[in-house]
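Chain by chain, the residues:
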Amino acid sequence: MDFVINFDFSSLFAFILFGLTIGVVYGIVALGISLIYSGLDIVHFAHGEVYMFGAFFGLVFSKTLGFPYPVALVMAMICAAMLGMFIERVFYRRLTKGGGGYTVAGMGMIICGFAMSIVLMNVAFLIWGAGAEPFHVDLGMPYQFGDITLPKSYALTALMAILLMGSLHYFLKKTKIGLAIRAVAANKDIAYLMGINVPLMISLIFGLACGLAAAAGVLIGPMQSVQVEMGYLMLLKAFAAAVVGGFGSLPGAIIGGLIVGIAENLGAAYISPNHKDIYAFLILILVLMFKPSGLFGVVARVKA
Amino acid sequence: MNKLYKNCLAGGLAGVMVAGMAIGAMAADIRVGITMRMISENGQKYGQMVMDEIDMINKSGGINGNMIKPTLMNDECKSDKGVANAIKLINQQKVHLLIGSTCSSVTLPIVDITAKASVPQIIPHSTNGKITKKGSAWVFRVPVSGRFYAGVNAKYVGENIGKKIAYLCAADAASQNDCEAMQKQMKAQHGSEPAYVAQVQEKEVDFRTHMQKIKSAGVDGILIAALAETMARALIQSYEAGIPASVRRIGSSSASNSPVPTIAGDAAKGVFFAAAYAAADNRPIARLFNEMVKKRYGVHAPDHDFSQAYDLVRIVEIALNNANLKLDSGSLAADRTAIRDSIASIKNYEGLASGPISFCAAATPQCRDGNRTAVLIAYSKGGKDYKTEVLARVTMPADFGL
C-alpha cells in the first residue's frame, strides 16, 4: 500500500485522545519494566506474558467469578504480583544473587526471562486455550465530544492509570518500604550494609512491576479482548516507551508511553495507516541515535 | 527330532510370510497427509472432524478393504511450517494424498510442492483465488473461491447498501485477496472506487484511528477482511468509534467462524458475509449435521469450515473408492495419479455445500474451483448463542472473476 499524506485535521483531537488512552497503558507496562531495571539493571523479557496473565486473571474475576470490574482489576493485580514474586523467588533469585546488568548472571537473567516468557505463554495456552476471549464491561453510553465518541472504558483507563501512577509515586517517595526500594535501586551493596533486606525488596519490586502489568492487561481487555499472544507486541511497545522516556526513570516511562501512543496514532492518521507499528520503533531508533539515555534517563553507567 | 523341529519351524515361518504377503496384497494402507491450522479451539476441531470422519470410514470397512492411514500435522497458519509439513508428508510418509491447508498463505506455497512431487492435494478451507490460478494439475479446492464470494458480496452491496465502501484488510493472504477481489468487483459492477482502504496487521488490536477516519468519510458500508478474532475486535471498535448501525459491516468469509459473533457480541448483529454453508440452512442434511457437530464438538452452530471439512472427507472417500488403487511398493506414483484423476472425475457432488461440487481434468480455476455456490448470511444475533439468517444463495459461472 502507498504512503498517503491525508491531513484530516478535523479528527486531530480524537487521534490524540486515542493515543493518550493506549499510551497510558504502554506507560504502565513500561513503568514495571523500568522499575525492574532500576532495581536489577536487567530487562525482564517475560513482562509481556505477565501482562497477559494479568488480563486473564481480570477476566476470571470479572466474568467467571462475577466481581465488579474495579474489584477484578485489584484482584488481578494482587494475583499477578504474587505470580511475579513467586517467579522471582523460585527461578530468578539464584541469578540475581550473582549480579545484574552487565555481569554474566545479568545476561543469564535476560535469557531466563526469554525462557520464562515461552513457559508462561504455554501455561496460559494450556489453561485458557489459544482463542481470544471477549472482556465485555458495560459502563454505559460513551461520551460524545462533537463528532468524537469516547467509550467510558477509555476514560476509565486513563483515570486508573493516573491513580496507579500517583499511588506508586506516593509509595516510593513517602513510605519506608518505598525508601528501601529506592535504596536497593541505587546501590544494593550499601543497602545491605544499611540493614535493608535486599532480596525481599527485589521480590517486592517484581511484585509491584507485575501488579502494574496486570493492571494494564485488565484495562486493555475491554478495548482489545484477551488472548494468549497479546503480550508480545505490548512488551515491544512498552520497551520502546521505556527507552524513549529513559530506562530506569519512572516518570520517563509514562511520558515515553504517551509519546509512543500519540505518535503511532498520529502517524497512522496522517502518514500511513498501513504501517502503524513502525512509528513507535522509529521513535525508539531516533532516541537511541540522538539521546541514548532517553528523555528523562540518566547517562548509562555500570552501578557499583 | 531336531531335524523335524527345524523343518516344522521353517515351514511355519514360510507359511506366516506367505500369509502375511497375501494379507498385504489384499489390504494395504492408503496414506493421507493432513496439514491444518490448529492453533485455535475451532482449528483443532476442524482437524479432529477430518480424523473422526476418516476413522468412521475405516470402522465401516475402509476403502475396498484398505484402511486410510491419516497423519495430521499442525501448520499454525505459518507458511514455513506448512511447507515443512508437506515435504515431510510427501517424502517421508509417502502419502498418496495431501489435505491442506486451512490458511491461503500456507496453501499457496504447498501447491508448488505438490505439483513438483506429483501428489494430489485437496484443499479444505483456503479461498485465495491465486491457488488454482497457478495451473497445477494436482490441486482441487472444496471451499468457494474468493472470486465468487467477491462477486456475490459486491452485487448485494451495490444493490442494497450503497457504493461508498471502506476497506480494512488484514495482511494475511486470504484477507488481502478478499479485499482486492471485492474492490475489483465493486469497480466492475458499480463503477465504485474505495472510500477508504487500509492494510492492518494480521493480529492488529487497535483500529480506532481507522474507524475515526472511516466515520469522517461518511461511508455506506465497511468491508472488514481479516481472520475471525481480528475481525471481531474491529467490529467492536467500529461501534466504539460511533459509526452507526446504518453503516453496514461486511465480513470476509472468515466472518462465518464462531469467534466473530462470540467475541464481538452485539457488534456482530447485522454483519453479513458470503460463505459456503449456513447453519440456518433448512435442508434435512444440514439439520442432521448441525446436531452432530453440536453433540460431537460442543459447537453452538457449525460454520462453513466444519461443513467443508466434512464435504472434503466425503469427496475423498468417493475418489478413493473409484480410484482402483494398487497400493503395492512400486505403485505410489500410479496410485497418486489415479487418485488425482478420480477426484477430477467427480461431478455434481451434493453434500453440505449450498450447491453441487464438480471438478474436471484441466488444470484451470474453472475446473479446480469445484464449489461455485456462495450463500449470503447475516448475523441476526451476536454472543455465544448467536443466530444467522440466509439472505441469498447464488451459483456463479465457472469463469467468473478470472
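What counts, and at which threshold
- Residues numbered from 1 in each chain as written.
- Chains lettered and ligands numbered in written order.
- Predicted model: local features only at pLDDT ≥ 70, side-chain atom pairs only at ≥ 80, totals over all residues.
- Axes fitted to C-alpha atoms, helices over the stretch in contact; angles between N-to-C directions.
- Helix = DSSP H or I, 4+ residues; strand = E, 2+ residues; numbered from the N terminus.
- Parallel < 35°, antiparallel > 145°, perpendicular 65-115°, else oblique.
- Left-handed = near helix turned anticlockwise from the far one by under 90°.
- Contact = placed C-beta atoms within 7 Å.
- Nonpolar A, V, L, I, M, F, W, Y, C, P; charged D, E, K, R; others polar.
- Pairing = 2+ DSSP bridges.

Caption draft 1: Quick peek at the packing of helix H1 (residues 12-40) of chain A against helix H5 (residues 152-174) of chain A. All names here are of chain A. Where H1 contacts H5, the two axes come as close as 9 Å, and the packing angle between them is 30°. The angle between H1 and H5 falls in the class roughly parallel. Where H1 crosses over H5, the handedness of that crossing is left-handed. Seen from H1, the contacting residues are Leu 20, Thr 21, Val 24, Val 25, Gly 27, Ile 28 and Leu 31; seen from H5, they are Tyr 154, Thr 157, Ala 158, Ala 161, Leu 164 and Leu 168. Residues belonging to the contact of H1 with H5 are distributed by class as follows: ten nonpolar, three polar and no charged.

Caption draft 2: A look at the sheet that holds strand S1 (residues 29-36) of chain B. All names here are of chain B. The strand order across the open sheet built from six strands is S2-S1-S3-S4-S5-S11, with neighbouring strands paired in parallel fashion. Each edge of the sheet is formed by a strand with only one pairing partner; in this case those strands are strand S2 (67-74) and strand S11 (369-371). Direction aside, neighbouring strands of the sheet carry axes that sit 20° apart on average. Where S1 and strand S3 (residues 97-100) come together, four bridges link them in parallel fashion. Bridge pairing links Gly 33 to Leu 98 in S3. The strands touched by helix H2 (residues 41-59) within the sheet are S1, S2 and S3, with S2 carrying the most contacts at an inclination of about 170°. This element, helix H4 (residues 104-117), spans S3, strand S4 (121-123) and strand S5 (139-144) of the sheet and lies at about 160° to S4.

Caption draft 3: Structural detail: the interface of chain B and chain A. Residue-level contacts link 25 residues of chain B with 27 residues of chain A. Counting only elements with at least two residues in the side of chain B that touches chain A, the list comes to strand S7 (196-200), helix H8 (208-217), helix H9 (228-240) and helix H10 (259-264) of chain B. In terms of residue count, the dominant contributor to the side of chain B that touches chain A is H8(B) (six residues). Taken together, the residues of the side of chain B that touches chain A sort by class into seven nonpolar, ten polar and eight charged.

Caption draft 4: Quick look at the sheet that holds strand S13 (residues 387-395) of chain B. Residue and element names in this part refer to chain B. In space, the seven strands of this open sheet follow the order S7-S6-S8-S9-S10-S12-S13, with mixed pairing throughout. For this open sheet the edge positions go to S7 and S13, each flanked by a neighbour on one side alone. Taking the axes of each pair of neighbouring strands and ignoring which way they run, one obtains an average angle of 20° across the sheet. Here two bridges tie strand S9 (residues 248-251) to strand S10 (residues 272-275), and the two strands are oriented parallel to one another. From the neighbouring strand, Gly 251 faces S10, where its bridge partner is Phe 273. Packing of helix H7 (residues 173-190) onto the sheet brings it into contact with strand S6 (165-170) and strand S8 (221-225), and relative to S6 it is tilted by some 160°. Running at roughly 155° to S8, H9 makes contact with S6, S8 and S9 of the sheet.

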